[in-house]
Amino acid sequence: MPGYIVYWPQDHVKKLEKTGDQGPIRVVFGSIHARMPAISSIQVGDIVYPVALIDKKLWALARLPVETRERAIDYCLRELGRPCGALKEEGKQYPEFEYSDSWTPSLPHLEHQVPFNCCSKWAVWGTKGSLIRPRPLPQERLLDLRFGHPKSKEKGLKFDKNGNVLSSCLCATRRMSPETWEIFERLFEPEQKGVER
């Protein structure tokens, strides 16, 4: 079961905080833009970890075991009652909605269930997600984090001259090495054992 990181930009993380959305996480979207990277490589059975840079440090925000993978528009129509920025599938008929920048989902939802970028293409979701809150990745382990598949193509993170992770190296969905996956899993062990649930 591969693990993947997906980057959530700071404005999205702040919006989740402002609206009080602490999960549990239900869905992760992917689009055709770097701001919300494509997630077409993520499959049922994989685990997704949204990450963010907060005060120049790398944090894991949540853990989502993927139970279903579907087009974002199908997820949004079913769960939110509106397309909410999801791409229509060519040749398929959808209910007519008035498109504007002020779409409001018509069904109860958590803020992270609304795509934070236009042109959402895929949604991966599940029912066993963690709470959404920052969990610091140990600074001394950042150089050990490796991403890519197969092993011969693994690469680490990129850093600035002060040792801070560059956001540019996070703007793609990245598959974790088994060793990196173990580091992330340790961050969520207390919750998986029911300590915080």
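The preceding data block contains the structure.
Residues numbered from 1 in each chain as written. Predicted model: local features only at pLDDT ≥ 70, side-chain atom pairs only at ≥ 80, totals over all residues. Heavy atoms only, no water.

*Asks:* Describe unusual backbone geometry, naming the residues involved and giving the relevant values.
*Replies:* Across the junction of Gly23 and Pro24, the peptide omega takes the value 10 degrees, indicating a cis bond. Among the secondary structure elements, Pro24 is positioned in the loop between helix 1 (10-19) and strand 2 (27-31). With omega at 0 degrees, the peptide bond leading from His149 into Pro150 counts as cis. Phi at Lys56 is positive, roughly 70 degrees, even though this residue is not glycine. Along the chain, Lys56 turns up in the loop between strand 3 (47-54) and strand 4 (57-60). (Helix = DSSP H or I, 4+ residues; strand = E, 2+ residues; numbered from the N terminus.)

*Asks:* Could you give an account of the pattern of salt bridges, naming the residues involved and the relevant values?
*Replies:* Taken as a whole and assessed by the stated rule, the structure comprises eleven salt bridges. In this structure, the salt-bridge partner of Glu185 is Arg63, at a minimum N-O distance of 2.6 Å. With Glu185 in helix 3 (residues 178-192) and Arg63 in the loop between strand 4 and strand 5 (64-65), this pair connects stretches of sequence that are 122 residues apart. A relative accessible area of 10% places Glu185 in the buried class. Under the relative-accessibility criterion, Arg63 is labelled buried at 12%. Salt bridges linked by common partners bring Glu70, Arg78 and Glu79 together as one network. (Salt bridge = Lys/Arg side-chain N within 4 Å of Asp/Glu carboxyl O. Buried < 20%, exposed > 50% of the residue type's maximum accessible area, 1.4 Å probe, protein only.)

*Asks:* Describe the nonpolar core, and please don't skip the residues or the numbers.
*Replies:* Counting residues in each nonpolar core, the largest one holds 34 residues, and the members touching the most others are Trp8, Val28, Phe29 and Ile42. Within the residue set of this core, elements represented by two or more residues are strand 1 (3-7), helix 1, strand 2, strand 3, helix 2 (72-80) and strand 7 (120-125). In this structure, Leu53, Ala60, Leu145 and Met176 belong to the second largest nonpolar core, which totals 21 residues. (Core = buried A, V, L, I, M, F, W, Y, C linked by side-chain atoms within 4.5 Å.)

*Asks:* Help me get a handle on the state of the cysteines, residues and values and all.
*Replies:* All chains considered together, the criterion is met by zero disulfides. Of all cysteine sulfurs, the one in Cys119 lies closest to Cys118, which takes part in no disulfide; the gap is 3.6 Å. Cys118 sits in the partly exposed class, given a relative accessible area of 43%. (Disulfide = S-S within 2.5 Å.)

*Asks:* How would you sum up the environment of Val124? Please name residues and give values.
*Replies:* Structurally, the position occupied by Val124 is in strand 7. For Val124 and Val66, which are 58 residues apart along the polypeptide, the C-alpha to C-alpha distance reads 6.0 Å. Here Val124 is in contact with Arg26, Val27, Val28, Ile39, Ile42, Val48, Leu64, Val66, Thr68 and Arg69, once residues within four sequence places are set aside. (Contact = heavy atoms within 4.5 Å.)

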